Amino acid sequence: MATILDGKKTAEEIKGEIEEQVKQIKAQGGKVPHLAAILVGNDGASETYVNNKVRACEKVGFESSLLRFDENISEEELLTVVEEVNANDDIDGLIVQLPLPQHISVEKVTDRIRPEKDVDGFHPENVGRMAKNLPAYIAATPYGILQLLKRYQIETKGKHCVVVGRSHIVGSPMSILMAGSGYPGDATVTLCHRYTENLEEFTKRADILIVAVGIPGFVTADMVKEGVIIIDVGITRVEDASKKSGYRLKGDVDYEQVYPKSSFITPVPGGVGPMTIASLLWNTLLAAQDAVYSGIEVE
Ligand code: NAP
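Residues numbered from 1 in each chain as written. Predicted model: local features only at pLDDT ≥ 70, side-chain atom pairs only at ≥ 80, totals over all residues. Heavy atoms only, no water.

Lay out the nonpolar core in plain terms, naming residues and giving numbers.
Residues Ile18, Met178 and Ile210 are the most contacted members of the largest nonpolar core, which totals 52 residues. Looking at this core, the element that brings in the most residues is helix H10 (residues 272–288), giving 10 residues. Taken domain by domain, the makeup of this core includes at least three residues from each of domain 1 (29–131 + 276–288) and domain 2 (140–273). In this view, Ile210 contacts Ile145, Cys161, Val162, Val163, Val164, Met174, Met178, Ile231 and Val233; residues no more than four positions away in its chain are not counted. (Core = buried A, V, L, I, M, F, W, Y, C linked by side-chain atoms within 4.5 Å. Buried < 20%, exposed > 50% of the residue type's maximum accessible area, 1.4 Å probe, protein only. Helix = DSSP H or I, 4+ residues; strand = E, 2+ residues; numbered from the N terminus. Domains from an automatic or database assignment. Contact = heavy atoms within 4.5 Å.)

Pasting the structure below:
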């Protein structure tokens, strides 16, 4: 029977550890970590995500600032805000909730964040450092997956890890991290995407299958081998008349079908999702200690 990789429980443990560290910092009169989040416009989903992050900060004892702007803010004005946050010593970490309105370049904005405050790990300097196996802020979802593998003591060395999806926030960094040296890593990695021919030939050979495509139920039982370890990143709302909301969240893996064949599997919801927020908090804690750029070893 498969072991369920309980992201909700693991994230609570991590948040408990962070809370404990914040208490100690406060007791010693140290600086409380402070995360700032920029939100542009009134997109409902973005608002929910950003509010969850702010609430999570409050729960662990961090300070947080939500910087809200009208969707008509110009790119130049937004870049000025980023510069102001960069210069504000009280703020340790800055995130920009995506998507941004069309007239604003995501690249320009994320590239303007000081790498030392880039707790989302999207700045090219952090991406480059990650690729070179140097200490870096690692994007929250891949970092959360690493933590999950670690806390369930899943062996990765020498395993064949197949990643499906090559986005900059999930698939691509995940493939680099799993191929990197050390634990979790040292895996042999195959990165698949839209143009991969005969996808199932690769997924069937996976010891560890990480799926981030955004198509609910995409991976079916006939695409995996017995004993596979499944990390399902996908979160899509699908209609469900039995729910009060009228929808439920579904992953990229057909859970019911694939569960009996797997040795470990993340549920959706309650798998990778909660780990993402816990990892953002962890990165913010590191930023407050300047741990990454001062060379202190990052867990
Ligand atoms: P994305 O930017 O849309 O990327 C999707 C990737 O899937 C692309 O690389 C695309 O390939 C690939 N793809 C699409 N159709 C495919 C197919 N038929 N066969 C193989 N590959 C295919 O998505 P994302 O941001 O990585 O997110 C993926 C999913 O994870 C979404 O459901 C999202 O909501 C979820 N997510 C969850 C969390 C979390 O915290 N749990 C965090 C982030 C994202 P091409 O590059 O060739 O187009």
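Provide a residue-level description of the side chain of Asp254, including the pertinent values.
Note on placement: Asp254 falls in the loop between strand S10 (247–250) and helix H9 (255–258). Residues in contact with Asp254, not counting those within four places in the same chain, are Gly217, Val219 and Thr220.

Would you mind going over the environment of Ser263 in detail, with residue names and values included?
Note on placement: Ser263 falls in strand S11 (residues 262–265). In this structure Ser263 touches Met1, Ala2, Thr3, Gly227, Val228 and Ile229, once residues within four positions along its chain are discounted.

Report on the environment of Val81, specifying residues and quantitative values.
Note on placement: Val81 falls in helix H3 (residues 75–87). Since its relative accessible area comes to 11%, Val81 is described here as buried. For the pair Val81 and Val238, spaced 157 residues apart in sequence, the C-alpha separation works out to 37 Å. Every residue in contact with Val81, bar those within four places of it in the chain, is listed here: Ile38, Leu67 and Phe69.

Give a detailed account of the site of the ligand, specifying residues and quantitative values.
Residues in contact with the ligand amount to 21 residues; listed here are only the nearest, Arg166, Ser167, Arg194, Ile235 and Thr276. A distance of 2.8 Å is found between an oxygen atom of the ligand and a side-chain nitrogen or oxygen belonging to Thr276. Notes on the ligand: free accessible area 930 Å², of which the protein chains cover 73%. In terms of residue count, the dominant contributor to the shell around the ligand is H10 (three residues). Class assignment of the residues belonging to the shell around the ligand gives a composition of 10 nonpolar, nine polar and two charged. (Near = heavy atom within 4 Å. Polar contact = N/O pair within 3.5 Å; in protein donor to acceptor, adjacent residues only side chain to side chain. Areas by Shrake-Rupley, 256 points an atom, 1.4 Å probe, with all protein chains shown as cover. Nonpolar A, V, L, I, M, F, W, Y, C, P; charged D, E, K, R; others polar.)

Mind laying out the pattern of salt bridges, listing which residues take part and the relevant values?
Scanning the entire structure with this criterion turns up nine salt bridges. In this structure, Glu75 engages Lys108 in a salt bridge whose closest nitrogen and oxygen atoms are separated by 3.0 Å. With a gap of 33 residues between them, Glu75 in helix H3 and Lys108 in helix H4 (residues 106–112) connect regions that are remote in the sequence. Residue class for Glu75 comes out buried when judged on its relative accessible area of 15%. Judged by relative accessible area, Lys108 falls into the partly exposed class, the value being 47%. With its nearest N and O atoms 3.0 Å apart, the salt bridge here joins Arg112 to Glu83. Remark: Glu83 occurs in helix H3 and Arg112 occurs in helix H4; sequence separation between them is 29 residues. Glu83 gets classed as partly exposed once you look at its relative accessible area, which sits at 37%. (Salt bridge = Lys/Arg side-chain N within 4 Å of Asp/Glu carboxyl O.)

Keep in mind that these numbers describe shape and distance, not what the molecule does.
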